[in-house]
Amino acid sequence: MIITAAAAMVWLAAAPPAPTNDPPRMDFVLPDPGTYQLQRIMRAPDGTVLTVDGQLDKLSRFTRDRITLLGFIYTSCTDPQGCPMAYRVFDRLKDEIRATPALKDQVQLVTLSFDPARDTPSVMKRYAGSQLEDEGGLRWYFLTTPSERELMPLVEGFGQDVQYAIDNSTGRPFRQLSHVLKVFLIDRAGDVREIYTSTFLHPRAIIGDIKTLLME
Amino acid sequence: MKSFPCLPAALAAALLLAAPVVQADETCNSPYMAKLIKGQEDYVYVWTLGVDGLGDGSDKLVTIDVDPKSKTYGKVIAQVSVGTRGEAHHMGFTDDRRRIWAGGLAGAEIYVFDIATDPAHPKLLKTIKDLAAKTGYIGPHTYYALPGRMLVQALSNEKDKGGATGIAAYNNEGEFIARYPMPVEGGGDGYGYDLAVNPTKNVMLTSSFTGYANYMRPLGELIKDEAAMKRFGNTMVAWDLKAMKPKTIMQVPGAPLEIRWSLHPGDDWAITAAALTSKLWLVRPDASGQWQAKEVATIGDPTKIPLPVDISIRQDGKGLWVNTFMDGMTRYFDLTNPQAPKQTYEKHTGAQVNMISQSWDGTRVYITSSLLANWDKAGADNEQFLRAFRWDGKALTPAFEVDFTKEKLGRAHHMKLGSKVLKTAYVAPAGAPGR
């Protein structure tokens, strides 16, 4: 089997990140679940997405009925404090949720690509690896979009900015795929109830928030 | 705080060649804010109080070109009037830095400006008018970004225009989310002024000033009113940020105003200045984790009421600028030991000075003049300006000045830094991929 260098790079980029990126240290005592309220920040936007099998579907099919954690990624992202950290946190959450019977049928994880041009369904499938397998009730969906036309309303609706820069050699704008890492906690009715950045992306805090929503 | 770009490798490499590096700016913004400027800022936005008979007399957002390489360096290049005069005071960026929220202390309106589409020419996007109806609060003061939303600290209330007030939360689209009253029990006095969060400690600090009935009165009249002078805040509150609940109320006499967290990694303290007592206070947790406030320094001669009105901390937490309104002085304190700040420099920078902001590297310092319409000085002392200085660690050297009266702008108050490369959009511009 012959693999070209470019194809190899794509394959390497699409492999799940190595588990080397720990979340930031949590230097405080969290309030107990249910002792505080998570406000309804906004409605989670809906739109068209592609599953790893290439099926078109509504995003809302993956963000309703269960409590959802949704994060944007690029499979080619290399910043250790960015997408790989989000992946790692989701991976840890998956373990904690699986170990808590009261949670595992109540939660789903959604990883949505920012980069439809590169992150085709097959690339997302490789990125997901074994995470796609049924984890005894826990669901982890890896989604992309057909094109920027479907992606941008979702990006805008979630308030996940995208920056444009000018290529000095051509004078043409290009999409600078930069973002401050955000993860969205969505309740069963489809309202965004918390938004985490890398500073506040602690699995224990997220579990506490999930339990708080389940106690409503 | 660091932002975390997430770039496809090929684009990241291209960016190194094609795009200016933009990372962070002045040191008083929310730690959740994206795209901070560490290099040369291009613009200073000045939220300006309207003056009757000067220009259109309305409050306005003024853009000044501060790029030394620009042909319009030191000049006003844009202004956006809100069409009314309402004691323009403070402003703040949304966490994505696409918008500036600004408001006036005379009412409850909040103005939202788009600074992403064309950073040199902000546009008024919308006016949020439901603060008083949703919360009972008026006088929106501090705008502090949380992910996807904005906390708005108010100064007063609609009912009696006193100091009992609170915090409102809105999402970035300007939809009201919740209200959080300032505590009035357990030592709380209900007053509000500034707020600042430290996510690594899950803490939000708030400070306390006074209500509409006081801050809208002429200063000379107010200070002779003994009863009214007792109606100023004397507390700071440490809140559980996650729960948005007050945890510890600290006694800090004399209206503690701006709160600045040290941004140095590992530091766990914030500093504030009490306006009426002219003291610096350090806020940090004790060995048991309980938040404590401690007086650590004196600013000028408190018997002369110099009135410290704004502070700006260095990005490494090792130094602090303090502006005192009455004597027009700009002072620098060495904060190497935050338990014992030492003044090492001072300069008379104006007949009256109020806000002070510095670039991330600390080499550029900007000062404005106005405190409140009815508290500003009269006659020749009523200078209205933005003055820019260079700081070499030893002395402030004037760089340029904009005379806000001569330019028919108004009273110069709060400043925020801007950059032309922070052009953020959800909709791809013409010529971009996917169009």
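Residues numbered from 1 in each chain as written. Chains lettered and ligands numbered in written order. Predicted model: local features only at pLDDT ≥ 70, side-chain atom pairs only at ≥ 80, totals over all residues. Heavy atoms only, no water.

Draft legend 1. Up close: the nonpolar core. All names here are of chain A. Grouped together as the largest cluster of nonpolar side chains are 92 residues, with contacts concentrated most on Leu69 and Phe158. Here this core takes eight residues from helix H2 (residues 83-98), the largest share from any one element. In this view, Leu69 contacts Phe90, Leu93, Gln108, Leu109, Val110, Val183, Phe184, Leu185, Tyr196, Ile206 and Ile210; residues no more than four positions away in its chain are not counted. (Core = buried A, V, L, I, M, F, W, Y, C linked by side-chain atoms within 4.5 Å. Buried < 20%, exposed > 50% of the residue type's maximum accessible area, 1.4 Å probe, protein only. Helix = DSSP H or I, 4+ residues; strand = E, 2+ residues; numbered from the N terminus. Contact = heavy atoms within 4.5 Å.)

Draft legend 2. Spatial organisation of the sheet that holds strand E20 (residues 308-313) of chain B. Residue and element names in this part refer to chain B. With antiparallel pairing, four strands are arranged side by side in an open sheet as E20-E21-E22-E23. A strand with exactly one partner marks an edge of an open sheet, and here the two such strands are E20 and strand E23 (342-348). Each strand of the sheet is rotated relative to its neighbour by a mean of 20 degrees, with strand direction disregarded. As judged from the six bridges shared by strand E21 (residues 319-324) and strand E22 (residues 329-334), these two strands associate in the antiparallel manner. Each residue of the ladder has a partner; that of Asn323, found in E22, is Thr330. (Pairing = 2+ DSSP bridges. Axes fitted to C-alpha atoms, helices over the stretch in contact; angles between N-to-C directions.)

Draft legend 3. Structural context of the pattern of salt bridges. Taken as a whole and judged by the stated rule, the model has 29 salt bridges over all chains. Among the salt bridges present, the one from Lys242 of chain B reaches Asp209 of chain A, with a minimum N-O distance of 2.6 Å. With Lys242 of chain B in the loop between strand E14 (235-240) and strand E15 (245-251) and Asp209 of chain A in helix H6 (residues 203-214), this pair bridges two chains. For the pair Lys242 of chain B and Asp209 of chain A, one class covers both residues: buried. Counted as one network, the salt bridges with shared partners bring together Glu194 and Asp209 of chain A together with Arg149 and Lys242 of chain B. (Salt bridge = Lys/Arg side-chain N within 4 Å of Asp/Glu carboxyl O.)

Draft legend 4. View of the side chain of Arg411 of chain B. Within the element layout of this structure, Arg411 of chain B appears in strand E28 (residues 411-418). Judged by relative accessible area, which is 14%, Arg411 of chain B ranks as buried.

Draft legend 5. Layout of the packing of H2 of chain A against H6 of chain A. Residue and element names in this part refer to chain A. Where H2 contacts H6, the axes come no closer than 10 Å and their chain directions differ by 50 degrees. Of the possible angle classes, the one that applies to H2 and H6 is oblique. Handedness of the H2/H6 crossing: right-handed. Along its contact with H2, which presents Val89, Arg92, Leu93, Glu96 and Ile97, the element H6 presents Pro203, Ile206 and Ile207. Class assignment for the residues of the contact of H2 with H6 results in six nonpolar, no polar and two charged. (Parallel < 35°, antiparallel > 145°, perpendicular 65-115°, else oblique. Left-handed = near helix turned anticlockwise from the far one by under 90°. Nonpolar A, V, L, I, M, F, W, Y, C, P; charged D, E, K, R; others polar.)

Draft legend 6. Fine view of the sheet that holds strand E19 (residues 291-298) of chain B. Residue and element names in this part refer to chain B. If you walk across this open sheet you meet the four strands as E16-E17-E18-E19, and the pairing is antiparallel. The open sheet has two edge strands, strand E16 (256-261) and E19, and neither has a second partner. Averaged over all pairs of adjacent strands, the angle between strand axes in this sheet comes to 25 degrees, irrespective of strand direction. One ladder, built from five bridges, connects strand E17 (residues 270-274) with strand E18 (residues 279-285); its direction is antiparallel. The partner of Thr272 across the bridge, within E18, is Trp281.

Draft legend 7. Molecular detail of helix H4 (residues 121-128) of chain A. All names here are of chain A. Turning to H4, its buried residues number three or more, namely Pro121, Val123, Met124, Tyr127 and Ala128. With its buried residues spanning 160 degrees around the axis, H4 presents them on a single face. Gly129, located one to two residues past H4, shows a positive phi value of around 55 degrees. (Arc of directions from axis to C-beta.)

Draft legend 8. Representation of the packing of aromatic side chains. Overall, the coordinates contain 27 aromatic pairs over all chains when judged by the stated rule. A centroid spacing of 6.4 Å and a plane angle of 35 degrees characterise the contact between Tyr43 of chain B and Tyr45 of chain B, whose relative ring orientation is tilted. There is no split in this pair, since Tyr43 of chain B and Tyr45 of chain B are both buried. Their ring planes at 65 degrees and their centres at 5.8 Å tell us that Phe209 of chain B and Phe232 of chain B sit as a pair that is edge-to-face. Note that Phe209 of chain B is positioned in the loop between strand E13 (203-206) and helix H3 (212-215) and Phe232 of chain B in the loop between helix H5 (226-229) and E14, a separation of 23 residues in sequence. The two residues Phe209 of chain B and Phe232 of chain B agree in class, both being buried. One aromatic cluster is present, formed by Phe72, Tyr74, Phe114, Phe158 and Phe184 of chain A through successive ring pairs. Its guanidinium or amino end placed over the ring of Phe93 of chain B, Arg97 of chain B lies 4.2 Å from that ring's centre, counting from NZ or CZ. Positioned over the ring face of Phe385 of chain B is Arg387 of chain B, at 3.7 Å from the centre of the ring. (Phe/Tyr/Trp six-rings, centres within 6.5 Å; stacked < 30°, edge-to-face > 60°. Lys NZ or Arg CZ within 6 Å of the ring centre and 35° of its normal.)

Draft legend 9. Spotlight on the confidence of the model for chain B. All names here are of chain B. In this model, chain B carries a mean pLDDT of 91, and residues with pLDDT of at least 70 account for 91%. A low-confidence stretch, residues 1-25 (pLDDT under 50), is modelled with 70 contacts involving residues beyond four sequence positions or located in other chains. This stretch, residues 425-435, has a pLDDT under 50; its non-local contacts, to residues over four places away or in other chains, come to 29 contacts. (pLDDT = per-residue confidence, 0-100.)

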